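# Structure assessment
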Amino acid sequence: MMVARPSQGAALDLLAEMGKTVTDQGRMREETRLMARLVRLEEFRRRRGLVQFTRQELNQLLQLYSRRVASGEWRDYAIQHDTARARFAVFRNRLEGPAFTIIKFVPGQDDKPSYLVAHGLCPLRRGTSLSEVLGVFERRLTLVSNGS
């Protein structure tokens, strides 16, 4: 039975993966290599300047979303962050565009972000707090008498 031996290039690649190198004289030398670099997410986010929803804002959005899913109106959502705005889009059908989009814009000079609820390209409500603009989704119940 004959065993195939790896080529010299494959053997050197294997040694490199193990963190060892072969010097010019053919001696092996251990090298310390960092496999990963530790990055603190706070510093990374601060440096990039992304607009993001806070945990409290996400809780408000997901509570609204879960109520509408339970009633059968919405089926899916998507969240997108960039340097100018954060978007929470809800969909009635996965093949259509978003039914509503809740947008958080970058904080202005007063350090307060602004919010917008839009239906397609039509803005429905603007405001300085998320709960204020989510009020557009509150249903008004109307009592109807049967005439007696």
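Refer to the structure presented above.
Residues numbered from 1 in each chain as written. Predicted model: local features only at pLDDT ≥ 70, side-chain atom pairs only at ≥ 80, totals over all residues. Heavy atoms only, no water.

Moving on: the nonpolar core. L61, W74, F88, I102, L130, L134 and F137 are the most contacted members of the largest nonpolar core, which totals 18 residues. Elements represented by at least two residues in this core include exactly α3 (55-70), β4 (85-91), β5 (100-105), β6 (115-119) and α4 (130-134). For L130, the contacting residues outside a window of four places in its chain are E57, Q60, L61, I102 and Y115. (Core = buried A, V, L, I, M, F, W, Y, C linked by side-chain atoms within 4.5 Å. Buried < 20%, exposed > 50% of the residue type's maximum accessible area, 1.4 Å probe, protein only. Helix = DSSP H or I, 4+ residues; strand = E, 2+ residues; numbered from the N terminus. Contact = heavy atoms within 4.5 Å.)

Turning our eyes to something else, we now look at the pattern of salt bridges. Across all of its chains, the model carries 3 salt bridges by this definition. Close ionic contact of K104 with E57 constitutes a salt bridge, the shortest N to O distance being 3.0 Å. Separated by 47 residues along the polypeptide, K104 in strand β5 and E57 in helix α3 bring together distant segments of the chain. Per residue, the accessibility class of K104 equals that of E57, and both read buried. When the shortest N-O distance is used, the salt bridge between D82 and R87 registers 3.2 Å. (Salt bridge = Lys/Arg side-chain N within 4 Å of Asp/Glu carboxyl O.)

In this section: the packing of aromatic side chains. The full count for this structure, using the stated rule, is 6 aromatic pairs. Taking the centre distance of 6.1 Å and the plane angle of 50 degrees together, the rings of W74 and F100 count as tilted. Here the residue W74 occupies a position in the loop between α3 and β3 (76-81), and F100 occupies one in strand β5, the gap between them amounting to 26 residues. Judged by its relative accessible area of 12%, F100 falls in the buried class. With 5.1 Å between their ring centres and 85 degrees between their planes, F100 and F137 make a pair best called edge-to-face. A residue pair is termed long-range when its members are at least 10 positions apart, and F100 in strand β5 and F137 in the segment after α4 qualify at 37 residues. (Phe/Tyr/Trp six-rings, centres within 6.5 Å; stacked < 30°, edge-to-face > 60°.)

Our next topic: the sheet that holds strand β7 (residues 122-127). Here we have 5 strands laid out as an open sheet, ordered β3-β4-β5-β6-β7, and antiparallel in their pairing. The open sheet has two edge strands, β3 and β7, and neither has a second partner. Taken pair by pair, the neighbouring strands of this sheet meet at an average axis angle of 15 degrees, ignoring direction. (Pairing = 2+ DSSP bridges. Axes fitted to C-alpha atoms, helices over the stretch in contact; angles between N-to-C directions.)

Here the focus is the pairing of β6. Most of β6 sits inside the fold, with 4 of its 5 residues counted as buried. Across 4 bridges, β5 lies against β6 in antiparallel orientation. When the bridges of β6 are listed, K104 appears paired with Y115. Pairing geometry for β6 and β7, over 5 bridges, is antiparallel.

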